[in-house]
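Letter by letter, the chains look like this.
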Amino acid sequence: MSRLAIFASGYGSNFQAIVNAVKNNALPAEVVLLVCDKEGAKVIEKANKENISTFVTSPKSFESKKHYEEAILEALQEQQVDWLILAGYMRLVGETLLRAYEGKIVNIHPSLLPSFPGKDAIGQAFEAKVKITGVTVHFVDEGMDTGPIIDQEAIRIEHHDTYESLQVKIQSIEHSLYPNTIKKLVAGGNHS
Ligand code: GAR
C-alpha cells in the first residue's frame, strides 16, 4: 500500500477529502504524515483528529531552504513515504525534495494551468472574466505551478457567480478529482 505525505499550509479541505477517500476505501493508500509549514494552521487540527502524524516546522527556523527540506526529508524517510501530495502547500519545492522524490510529487491548483498560476488563482480567473476555469493536478517541478499536467477538470463561470460561489464549485471539484487522480497514480496506470 502506498504511503502518502500530504503537504499543506492552510485550511486542509483537500487533506480531509483525501483522508476521507482512504477511510471510505475509495483510495487504496495510507496517509502517514502531514507536513505543514505554518504553525497554527487549521489543517493541523484535522490531522490530530485523524491521528495522523504531523511534521510542523517553519522554514524561517532554518538557515537555508536546503536545511529546511533536509529536516522534512528525514521525517519522510522515517515514515517510509512513497508520494508527496501537495494540497495548498504555498511554497516552492526545492532541489532536496525534488531529487529525493523525482516523479513522486504532485500538486493541485485551482485553475486550468498554465492559466493563472500562483496565489489566488480563483480570484485571478474571476478578475479576468474568463468563462471557463477549473482545476489541475500536475507533477511538481522547480517552477510555480508548472510541471507536466496529469489531469484537469473544467467548469463554467456563470454570470451570477461570485468569488465565493466559484470557490465552492472549484473546491467541490478538487475534493473528488484529487483522490481519484492519486488513486490512478498509486496504481501505476497510464495518466496521459
Ligand atoms: C486549494 O484550492 C488548492 O488548489 C490551492 O490551495 C487551496 C487549499 O485549500 N493551491 C494552490 O493555490 C497552489 N498554488 P485547502 O487548504 O482547503 O485544501
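Rules used in this analysis
- Residues numbered from 1 in each chain as written.
- Predicted model: local features only at pLDDT ≥ 70, side-chain atom pairs only at ≥ 80, totals over all residues.
- Heavy atoms only, no water.
- UniProt positions renumbered as here; feature names shortened; annotations may be inferred.
- Buried < 20%, exposed > 50% of the residue type's maximum accessible area, 1.4 Å probe, protein only.
- Helix = DSSP H or I, 4+ residues; strand = E, 2+ residues; numbered from the N terminus.
- Pairing = 2+ DSSP bridges.
- Right-handed = clockwise from strand over helix to strand, strands pointing away.
- Near = heavy atom within 4 Å.
- Polar contact = N/O pair within 3.5 Å; in protein donor to acceptor, adjacent residues only side chain to side chain.
- Areas by Shrake-Rupley, 256 points an atom, 1.4 Å probe, with all protein chains shown as cover.
- 1 Å grid on protein atoms, 1.4 Å probe; cavity = no way out; pocket = protein on both sides within 12 Å on 5 of 7 lines; lining within 4 Å.
- Sits in = over half its atoms within 2 Å of the grid points.
- Nonpolar A, V, L, I, M, F, W, Y, C, P; charged D, E, K, R; others polar.
- Points joined across faces, edges and corners; volume = space filled by probe spheres on them.
- Contact = heavy atoms within 4.5 Å.
- Salt bridge = Lys/Arg side-chain N within 4 Å of Asp/Glu carboxyl O.

Named according to an unreviewed UniProt entry, the protein chain is Phosphoribosylglycinamide formyltransferase originating from Bacillus mesophilus. UniProt annotates the protein chain under Catalytic activity (unreviewed entry) with the comment "N(1)-(5-phospho-beta-D-ribosyl)glycinamide + (6R)-10-formyltetrahydrofolate = N(2)-formyl-N(1)-(5-phospho-beta-D-ribosyl)glycinamide + (6S)-5,6,7,8-tetrahydrofolate + H(+)". Within the UniProt record for the protein chain, the comment given under Function (unreviewed entry) is "Catalyzes the transfer of a formyl group from 10-formyltetrahydrofolate to 5-phospho-ribosyl-glycinamide (GAR), producing 5-phospho-ribosyl-N-formylglycinamide (FGAR) and tetrahydrofolate."

(A) Representation of the pairing of strand β1 (residues 2-8) within the structure. With six of seven residues buried, β1 is to be regarded as a mostly interior element. The pairing of β1 with strand β2 (residues 29-36) spans seven bridges and is parallel. By the bridge assignment, Ala5 is partnered in β2 with Leu33. Note that the unit made of β1, helix α1 (residues 13-23) and β2 has a crossover that is right-handed. Examined bridge by bridge, β1 and strand β4 (residues 83-86) share four bridges and lie parallel to one another. The residue of β4 that forms the bridge with Phe7 is Leu86.

(B) Seen up close, the site of the ligand. If you check the shell around the ligand, you find 13 residues, and the closest are Gly12, Ser13, Asn14, His109 and Glu174. Within the side chain of Asn14, a nitrogen or oxygen atom sits 2.9 Å from an oxygen atom of the ligand. One of the side-chain nitrogen or oxygen atoms of Glu174 is found 2.5 Å away from an oxygen atom of the ligand. In isolation the ligand exposes 450 Å². Once the protein is present, 89% of that is buried. Because more than half of its atoms lie within 2 Å of the grid, the ligand is assigned to the largest pocket. Sorting the residues of the shell around the ligand by element identifies α1, β5 (105-109) and α6 (163-187) as the ones contributing at least two each. Counted by class, the shell around the ligand contains four nonpolar, seven polar and two charged residues.

(C) Expanded view of the layout of surface pockets. Here the largest pocket is characterised by a volume of approximately 710 Å³. Every residue lining the largest pocket is counted, 33 residues in all, and those nearest its centre are Gly88, Tyr89, Met90, Ile108 and Pro110. Taken together, the elements giving at least two residues each to the lining of the largest pocket come down to α1, β5, α5 (121-128) and α6. Looking at the lining of the largest pocket element by element, the count peaks at four residues for α6. Looking at the lining of the largest pocket, its residues break down into 14 nonpolar, 13 polar and six charged.

(D) Highlighting the UniProt feature "domain: Formyl transferase N-terminal" (unreviewed entry) in the protein chain. UniProt records the feature "domain: Formyl transferase N-terminal" (unreviewed entry) at residues 3-182, using the numbering of this structure. A helix fraction of 37% and a strand fraction of 24% characterise residues 3-182, whose end C-alpha atoms lie 11 Å from each other.

(E) Fine view of the environment of Lys169. Note that Lys169 resides in helix α6. Distance in space between the C-alpha atoms of Lys169 and Glu70 is 37 Å, their sequence separation being 99 residues. Dropping the residues within four chain positions of it, Lys169 is found in contact with Ile155, Arg156, Glu158 and Asp161.

(F) Spotlight on the pattern of salt bridges. Evaluated as defined, the whole model comprises eight salt bridges. Linking Asp37 and Arg91 is a salt bridge whose minimum nitrogen-to-oxygen distance equals 2.7 Å. Here Asp37, found in the loop between β2 and α2 (42-49), pairs with Arg91, found in the loop between β4 and α4 (95-100); they are 54 residues apart in sequence, far enough to count as distant. Relative accessible area serves as the criterion here: at 5%, Asp37 is assigned to the buried category. The class for Arg91 is partly exposed, based on a relative accessible area of 30%. Between Glu45 and Lys42 there is a salt bridge, with the nearest N and O atoms lying 3.8 Å from each other. Remark: Lys42 and Glu45 occur in helix α2; sequence separation between them is three residues, near one turn of the helix.

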